[in-house]
Amino acid sequence: IAVCHQKGMKIIADFVPNHCSIEHPFFIDAQNNKRSKYRKWFYFSESSGNYLSFLGFKELAKINLDEPEAKRYFIDNARFWLMKGFDGFRIDHVIGISRSFIKELRCELQVINPEVKLIGEAWIEGIRKNHFNTIRIKNTLFHKYFGISQERVQMQYDGLLDAVLDFEARNIILQYKVREEKTNRDVLKILQKHFKHYHKHFSLLLFLDNHDTNRILFECGNDKEKVQNLFALLKKCNQPIVMYSGTEQGITQVDSLSSGKAYADLDVRQPMDWSI
């Protein structure tokens, strides 16, 4: 961390306060003992014994951050790492976390480092109506029945966080550039119109792929020149750019994440070949 800071770099750590493995000792204790001090850390149905999970993935139990001790545990966790020298956090599945938790987290972290940065992964795609009871966006009930766009969910965090990963910009690039083959100039105009929905102090982190999406090289039919052209487009947007590990090395995949193949995401999450 010290060497990175000497080189003018910042370190942002992944932070996952929304859920944990059902193999975690806290959850095991809570599940097996109704009198466990961790019982209220999770959302158990006392009649059935069922529990809320991360978007239906039963191996990931959703954590009740409204429970004071659970909230304290996670805020103290973030404080610990910030005092070690980290410069901020990328909050995983931020749409599952209450705004009050985020405000309290920010307030306590700014005491340690007034320049701390909080980035949200506010991705709404693919969330079914029966999972809306696990998310904490504004007007959840209304959006459950009438829908919500990626643009609007990102806008909810303007002023609450410092930045979000810009899934809407990625949608625009895939739709108009990769699939419809518009010119960079035309797509840039669409992106600039999108950027105007946000305050200037709020950063939109641009990216072409990540661990939950198809590799961009795969999306581009394994045409490396096409991918390079997309990065040239991103550079003109005057927004921070996120590079997914391995993208700069030309990592691709065999099957799409939507292929139905079991554990297709493992293909997307191949590690970089550090021997090259």
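Structure: above.
Since the structure is predicted, the reported quantities are computational estimates derived from the model, not experimental observations.

On the basis of which strands lie adjacent, the open sheet formed by 5 strands has the order β1-β5-β6-β7-β8 and parallel pairing. Each having just a single partner strand, β1 (12–15) and β8 (203–205) make up the two edges of the open sheet. Adjacent strand axes in the sheet meet at a mean angle of 25°, parallel and antiparallel pairs treated alike. Note: strand β7 (residues 163–165) against β8, 3 bridges, orientation parallel.

Take the packing of aromatic side chains next. Two aromatic rings are characterised by how far apart their centres lie and by the angle between their planes. One pass over the full model with this rule turns up 19 aromatic pairs. Between Phe26 and Tyr38, the aromatic rings sit 4.1 Å apart at their centres with planes inclined by 10°, giving stacked as the arrangement. With Phe26 in helix α2 (residues 25–32) and Tyr38 in the loop between α2 and β3 (53–54), the pair connects residues that are 12 residues apart, well separated along the chain. Each member of the pair, Phe26 as well as Tyr38, is classed as buried. Each ring, one from Trp123 and one from Phe167, has its centre 4.7 Å from the other, and the planes form 10°; the classification is stacked. On the criterion of sequence distance, the pair formed by Trp123 in the loop between β6 (117–120) and α5 (140–146) and Phe167 in helix α7 (residues 167–179) is long-range, its members being 44 residues apart.

This next bit is on the sheet that holds β3. If you walk across this open sheet you meet the 3 strands as β2-β4-β3, and the pairing is antiparallel. Each edge of the sheet is formed by a strand with only one pairing partner; in this case those strands are β2 (19–21) and β3. As paired elements, β3 and strand β4 (residues 57–62) share 2 bridges and run antiparallel to each other. Its bridge partner being in β4, Phe54 is matched across the sheet by Phe57.

Procedures and definitions
- Within every chain, residues take consecutive numbers counted from 1 along the sequence as written.
- The model is predicted, so local features are restricted to residues of pLDDT at least 70 and side-chain atom pairs to those at 80 or more, both for listing and for counting; the totals for chains, interfaces and linings are taken over all residues.
- To get the side-chain values, all heavy atoms of the structure are used, and hydrogens and water are removed first.
- A pair of strands is labelled paired if DSSP reports no fewer than 2 bridges between them.
- Runs of E in the DSSP output that reach at least two residues are strands. Runs of H or I that reach at least four are helices, and both are numbered from the N terminus.
- Axes, fitted as lines to C-alpha atoms, cover a helix only where it is in contact. Angles between the N-to-C directions of the axes lie from 0 to 180 degrees.
- Note on aromatic pairs: the rings of Phe, Tyr and Trp (six-membered ring only in Trp) are paired at centre separations within 6.5 Å, and the planes decide the class, stacked below 30 degrees, edge-to-face beyond 60, tilted for the rest.
- A simple rule labels every residue: compare its accessible area, found with a 1.4 Å probe on the protein chains alone, to the largest value its type can have, and call it buried under 20%, exposed over 50%, or partly exposed in between.

Nothing here speaks to function; it is geometry throughout.
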